[in-house]
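Next come the chains, spelled out residue by residue.
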Amino acid sequence: MDIPLLDLKAQYQSIREEINQKILEVASSQKFILGSEVENLEKEIAAFSEVKFATGVSSGSDALLVSLMALDVGEGDAVVTTPFTFFATAGAVARLKARPVFCDIDKTSCNISPEKLEELLEDQSKGHQDLQIKAIIPVHLYGQCADMNPIMNLASKHDLFVVEDAAQAIGAEYPSSSGIKKAGAIGNFGALSFFPSKNLGAFGDGGMVLTNDENLAKKTKLLRVHGSRDKYFYEVLGGNFRLDTLQAAILRVKLKYLESWQQKRMEKASYYDNAFKESGIREEGPIQTPETLYKDKGVKSYHVFHQYVIRAEKRDRLKKFLQEKGVPTAIYYPLPLHLQKCFSYLGHKEEDFPVAEEAAREVLALPIYPELTSDQQDFIVSSIQSFYKG
Ligand SMILES: Cc1ncc(COP(=O)(O)O)c(C=O)c1O
């Protein structure tokens, strides 16, 4: 059975007429830069994510970069984040000549560990004052929010900004101490990505910066267009971080379906959970299915399953075995950021963040998308079962 890792063609087929119509409208208008499509998308995403302000930008990477720029992060500053994330999270910090400071993850969620974050921040305030920690970037990995209540408490205790990397988690909900909140709506900023494979994916690159702070929203809009309010007069150093009109138009069509697609992703995840339970291999130990931490806390979109990631013994051999059976899988991420060549100047070594390193050896993302069928899921589970049972 040949099963795609992600089937974007199937999604396109289901909304083809509407999308094509929108593309034609933009083509007829010949207006490609910002304009009403971008403004409307910003309003719609702000409503969807329950924030006051949203700014469309060129990518999720730029959403992080612009957020940090708006907070004046730069040389001499440090930003704490997880080593178990996509490069762009720490890349945005380093591009501004600030220092990424890594903090190990929680084994169950693979998100930044609040306990380790507390230790790190306490240590810092006890004497290692060589670094001026300015912000924290928690990442809502795979579609489940990091544990934001303790993170926000620590941020307020140590007077730090919080930029949520919500690139993988649009619409995911978190039971915050002030009520249920959407990913990206809790910190000073939230960064979304519309990379084509994301739960809400464009036909190219795109991203969005979320905030509830009017001044920060204004600054973000300024930074997006070279720091210029009036044409050819520049108030601050910005860049070209605009979201394309065409992408905004396409995203507006897709946004209408997002809620139902997320629901289907959650159903597929539950189907996997049950199938693995029935197969017996989960209890025997060679694999662990993902845990949903907020499911019983009155939260509807407790995990939006951008990825369904199992932990597997003999992971690399399992991956090869599945590939031969026509089941592609992916590893997010094979090498934590502290061990990447580009960050060697930070001076880290193996075992510095053992939980992240262990995750990098064990995680395996299985196909998950709204169009995945139960026959395909049964095949994937029984293939994994046959690998372990021989
Ligand atoms: C956790 C995380 N952060 C940041 C990004 C960057 O987003 P983009 O690819 O839109 O630049 C991604 C997506 O690839 C991501 O998964």
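Numbering of residues begins from 1 in every chain and follows the order in which that chain's sequence is written. In keeping with the model being predicted, local features are shown solely for residues with a pLDDT of at least 70 and side-chain atom pairs are shown and tallied solely at 80 or more, while totals for entire chains, interfaces and linings include all residues.

Some remarks on the overall build of the protein chain
Phase 1: Of the regular secondary structure elements, the protein chain holds twelve helices and twelve strands.
Phase 2: For 390 residues, the compact-globule estimate of 2.2 N^0.38 gives 21 Å, and the C-alpha radius of gyration of the protein chain, at 21 Å, lies within 12% of that figure.
Phase 3: Each principal axis of the C-alpha atoms in the protein chain carries an extent, and together these give about 70 × 60 × 40 Å.
Phase 4: By residue count, 45% of the 390 residues in the protein chain fall in the buried class.
Phase 5: Contacts in the protein chain between residues far apart in sequence, at least 24 positions, make up 71% of those at least 6 positions apart. Secondary structure is summarised from DSSP: a helix means a run of H or I of at least four residues, a strand means a run of E of at least two, and numbering begins at the N terminus for each. To get the radius of gyration, use the C-alpha atoms; to get the globule rule, take the number of residues to the power 0.38 and multiply by 2.2 Å. Between the buried cut of 20 or more and the exposed cut of 12 or fewer other C-beta atoms within 10 Å of a residue's own C-beta lies the partly exposed class, and all C-beta atoms are placed from the backbone. This entry defines residue contacts through backbone-placed C-beta atoms, with two residues in contact when those atoms are within 7 Å.

Some remarks on unusual backbone geometry
Phase 1: Y333 follows Y332 through a cis peptide bond whose omega is 15°.
Phase 2: Inspection of the secondary structure puts Y333 in the loop between α10 (315–324) and α11 (354–362).
Phase 3: Its identity is not glycine, yet Q30 carries a phi of approximately 55°, on the positive side.
Phase 4: Following the sequence through the fold, Q30 ends up in the loop between α1 (8–29) and α2 (36–49).
Phase 5: Of the residues examined, Q30 has 6 C-beta atoms within 10 Å and is grouped as exposed.

Quick notes on the sheet that holds strand β11 (residues 308–312)
Phase 1: Strands are labelled as partners when DSSP assigns at least two bridges between them. Spatial strand order, β10-β11-β12: three strands in an open sheet with antiparallel pairing. The strands lining the two open edges of the sheet, one partner per strand, are β10 (287–288) and β12 (363–366).
Phase 2: Relative to β11, β10 runs antiparallel, the two sharing two bridges. Of the residues in β11, the one forming a bridge with Q288 is R311.

Considerations on the sheet that holds strand β2 (residues 77–81)
Phase 1: With respect to topology, seven strands assemble into an open sheet ordered β1-β9-β8-β5-β4-β2-β3, the strand pairing being mixed. Each edge of the sheet is formed by a strand with only one pairing partner; in this case those strands are β1 (53–57) and β3 (99–102). Each strand of the sheet is rotated relative to its neighbour by a mean of 25°, with strand direction disregarded.
Phase 2: Inspection of the sheet shows strand β5 (residues 161–165) paired to strand β8 (residues 189–193) by three bridges, in the parallel sense. Residue pairing for β8: D165 is matched across the bridge by A191.
Phase 3: Sheet contacts for helix α3 (residues 60–70): β1, β4 (132–137), β5, β8 and β9 (207–211); angle to β8, the most-contacted strand, approximately 160°. Orientation is described by axes fitted as lines to C-alpha atoms, over the contacting stretch for helices, and by angles from 0 to 180 degrees between their N-to-C directions.

Let's talk about the site of the ligand
Phase 1: Near the ligand you find 15 residues, and of these S59, G60, S61, A167 and S193 are the closest.
Phase 2: Mapped by element, the contributors of at least two residues to the shell around the ligand are α3 and α4 (87–95).
Phase 3: When the residues that make up the shell around the ligand are grouped by side-chain class, the tally is five nonpolar, eight polar and two charged. As a rule, any residue with its backbone-derived C-beta atom within 6 Å of a molecule or strand is reported as near that molecule or strand. The nonpolar class holds Ala, Val, Leu, Ile, Met, Phe, Trp, Tyr, Cys and Pro. Asp, Glu, Lys and Arg form the charged class, and all remaining residues, Gly among them, are polar.

Comments concerning α3
Within an α-helix, residues lying three or four positions from one another point in the same direction, as the helix has 3.6 residues per turn.
Phase 1: Taken across its eleven residues, α3 has eleven buried, putting it largely inside the fold.
Phase 2: Looking one or two places after α3, you find D72, whose phi comes out positive at around 60°.

Quick look at the nonpolar core
Phase 1: For this entry, the nonpolar core is defined as buried Ala, Val, Leu, Ile, Met, Phe, Trp, Tyr and Cys residues connected by C-beta atoms within 7 Å. Formed by 104 residues in total, the largest nonpolar core has its most connected members in V66, L68, A135, V163, A191, L192 and V209.
Phase 2: Start and end positions for the domains come from either an automated domain assignment or a database one. No fewer than three residues from each of domain 1 (8–253) and domain 2 (258–389) sit in this core.
Phase 3: Ignoring anything within four residues of it in the chain, the contact list for A135 reads L68, L71, V73, V79, L160, F161, V162 and V163.

What about the domain arrangement of the protein chain?
Phase 1: Domain boundaries assigned for the protein chain yield domain 1 (8–253) and domain 2 (258–389).
Phase 2: Contacts between the two partners involve 30 residues from domain 1, matched on the other side by 29 residues from domain 2.
Phase 3: For the side of domain 1 that touches domain 2, the elements supplying multiple residues, two or more each, are α1, α4, β3 and β6 (173–176).
Phase 4: In the side of domain 1 that touches domain 2, the residues fall into 17 nonpolar, nine polar and four charged.

Some details on the pairing of β2
Phase 1: Relative to β4, β2 is paired through five bridges, and the arrangement is parallel. Looking across to β4, one finds that D77 is bridged to Q132.
Phase 2: As judged from the four bridges shared by β2 and β3, these two strands associate in the parallel manner. Of the residues in β3, the one forming a bridge with A78 is R99.
Phase 3: The crossover handedness rule: strands pointing away from the viewer, path from first strand over the helix to second strand clockwise, crossover right-handed. This β-α-β element, β2 to α4 to β3, shows right-handed connectivity.

Quick notes on the packing of α3 against α4
Phase 1: Where α3 contacts α4, the axes come no closer than 9 Å and their chain directions differ by 40°. On the basis of the axis angle, α3 is oblique to α4. In this structure, α3 crosses over α4, and the sense of that crossing is right-handed. Between α3 and α4, the residues in contact are G60, S61, L64, L65 and L68 and A88, T89, G91, A92, V93 and R95, respectively. By the definition adopted for this analysis, an angle is roughly parallel if under 35 degrees, roughly antiparallel if over 145, roughly perpendicular if from 65 to 115, and oblique otherwise. Less than a right angle of anticlockwise turn of the near helix away from the far helix marks a crossing as left-handed, whereas a clockwise turn marks it as right-handed.

Side note on helix α6 (residues 148–158)
Phase 1: Of all the positions in α6, only M148, I151, M152 and A155 are classed as buried. One side of α6 carries all its buried residues, which in axial view fall inside an arc of 95°.
Phase 2: Phi turns positive one or two residues past the end of α6, at D159, with a value near 60°. The reported arc concerns the directions from the helix axis to the C-beta atoms and nothing else.

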